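A structural walkthrough
Residues per chain are reported as follows:
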Amino acid sequence: SSEHLVFVLVDGLGMSLIEPLDPDSFLKRNLSTSLTTVFPSSSATAITSLASDEWPSVHGVTGRWTYFPEASAVGEVLPFVVRGNGQSLSAAGLTPDQAFLAPSLLPRMTRDVFSLFPEHLWSSVYSEYFTGGTPKAAYRSLPEGINQVVERVASANVPTYTYLYTPRVDDMA
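Everything in this summary refers to the structure shown in the same document.

Rules behind the numbers
Just so you know, the residues in each chain are numbered from 1, in the order the chain's sequence is written. This being a predicted model, a pLDDT of at least 70 is required before a residue's local features are given, and a value of 80 or more before pairs of side-chain atoms are given or counted; all residues contribute to the totals for chains, interfaces and linings. Remark: hydrogens and water are excluded; side-chain values derive from all non-hydrogen atoms of the structure. Whether a residue is buried, partly exposed or exposed follows from its accessible area with a 1.4 Å probe, protein chains only, as a fraction of its type maximum: under 20%, in between, or over 50%, in that order. For the purposes of this entry, the term helix denotes a DSSP run of H or I that reaches at least four residues, the term strand denotes a run of E that reaches at least two, and both are numbered from the N terminus. Put simply, a nonpolar core is a bunch of buried Ala, Val, Leu, Ile, Met, Phe, Trp, Tyr and Cys residues held in one set by side-chain atoms that sit within 4.5 Å of each other. Whether two residues touch is decided by their heavy atoms; if any such pair falls within 4.5 Å, the residues are in contact. Only the six-membered ring of Trp is used, alongside the rings of Phe and Tyr, when aromatic pairs are assigned; centres must lie within 6.5 Å, and planes under 30 degrees apart are stacked while those over 60 apart are edge-to-face, with the rest tilted. Salt bridges are identified by distance alone: a Lys or Arg side-chain nitrogen within 4 Å of an Asp or Glu carboxyl oxygen. Think of it this way: DSSP has to see at least two bridges between two strands before they count as a pair. Angles here are taken between N-to-C directions and fall from 0 to 180 degrees, while the axes themselves are lines fitted to C-alpha atoms, restricted in helices to the stretch in contact.

Taking burial as the measure, the 10 residues of helix α3 (residues 43–52) include eight buried ones, the bulk of the element. Here α3 has its buried residues at S43, A44, T45, I47, T48, S49, A51 and S52.

Structure follows, in structure tokens:
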């Protein structure tokens, strides 16, 4: 296995955007495999499956919006707010353990784990869940995040797993 694993999740970048690219394009040249998503293929559901290594029926996040009886509200899972009014689901009485039924996979990894999120997301309830208490940091721009990954790998003296999340494609779509 490789000494350093880097997983870059470009939210919203599906194969339907990769396949029409010129064969000499960076993404096409460097594509080694593709992933098949879960159903429904919303970001909340798919990323929680990635985080937990579980199917949606196990981790409990079956879409962008979920009804949480503990809060008597429909919540937007990723921003962890009540749909419609933006109130924190925590303030409505919901704990992350009630929303995310399967724990994060990251603390169970045997490598030195580190995650990078855009500045506006890095301290969110969801990024806390996703990382499971493993180290994480924020980046202000995608080039800054990529530089942090490169510096981490270059200076590491143990096997690493680095996760970089960017919502840019999903946000633009």
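Here the narrative resumes.
This next bit is on the nonpolar core. If you look at the biggest cluster of nonpolar residues, it comprises 24 residues, and the most contacted ones within it are I47, F68, L94, F100, F130 and Y163. Mapped onto this core, the elements with two or more residues apiece are α3, β5 (112–118), α6 (125–131) and β7 (160–166). Setting aside residues up to four positions removed in sequence, F100 forms contacts with H59, V61, V77, F80, V125, Y126 and Y129. Counting six residues, the second-largest nonpolar core is a separate cluster that includes L116, Y139, V149 and L164.

On inspection of all chains with the given rule, the structure shows nine aromatic pairs. Each ring, one from F80 and one from F100, has its centre 5.9 Å from the other, and the planes form 35°; the classification is tilted. Separated by 20 residues along the polypeptide, F80 in the loop between β3 (73–76) and β4 (81–82) and F100 in the loop between α5 (96–99) and β5 bring together distant segments of the chain. You'll find F80 and F100 in the same group, each marked buried. Centroid distance F117 to F130: 6.1 Å. Interplanar angle 85°. Geometry classified as edge-to-face. With F117 in strand β5 and F130 in helix α6, this residue pair connects regions lying 13 residues apart in the sequence. Residues F117 and F130 agree in their burial class; the two are buried. Feature note: the residues F7, F117, F130, Y163 and Y165 constitute an aromatic cluster, connected by ring pairs.

Let's shift gears to the pattern of salt bridges. Inspection of every chain in the model, using the stated rule, returns four salt bridges. The salt bridge partner of E128 is K136, with a shortest N-O separation of 2.8 Å.

Looking now at the pairing of β5. Two faces belong to every sheet, and in a regular strand the side chains alternate between them. Among the seven residues of β5, six are classified as buried, and the element is accordingly described as predominantly covered. Taken together, the five bridges between β5 and β7 define a ladder with parallel strand orientation. Directly across from D112, in β7, lies its bridge partner T160. Sheet topology places β5 next to strand β6 (residues 136–139); four bridges connect them, and they run parallel. Its bridge partner being in β6, P118 is matched across the sheet by Y139.

Before going further, it helps to examine the sheet that holds strand β1 (residues 4–10). Across the sheet, which stays open at both edges, the four strands sit in the order β1-β7-β5-β6 with parallel pairing between neighbours. The open sheet has two edge strands with one neighbour each: β1 and β6. Each strand axis lies, on average, 20° off the axis of its neighbour in the sheet, ignoring direction. Relative to β7, β1 is paired through seven bridges, and the arrangement is parallel. When the sheet's bridge partners are listed, L5 is paired in β7 with Y161.

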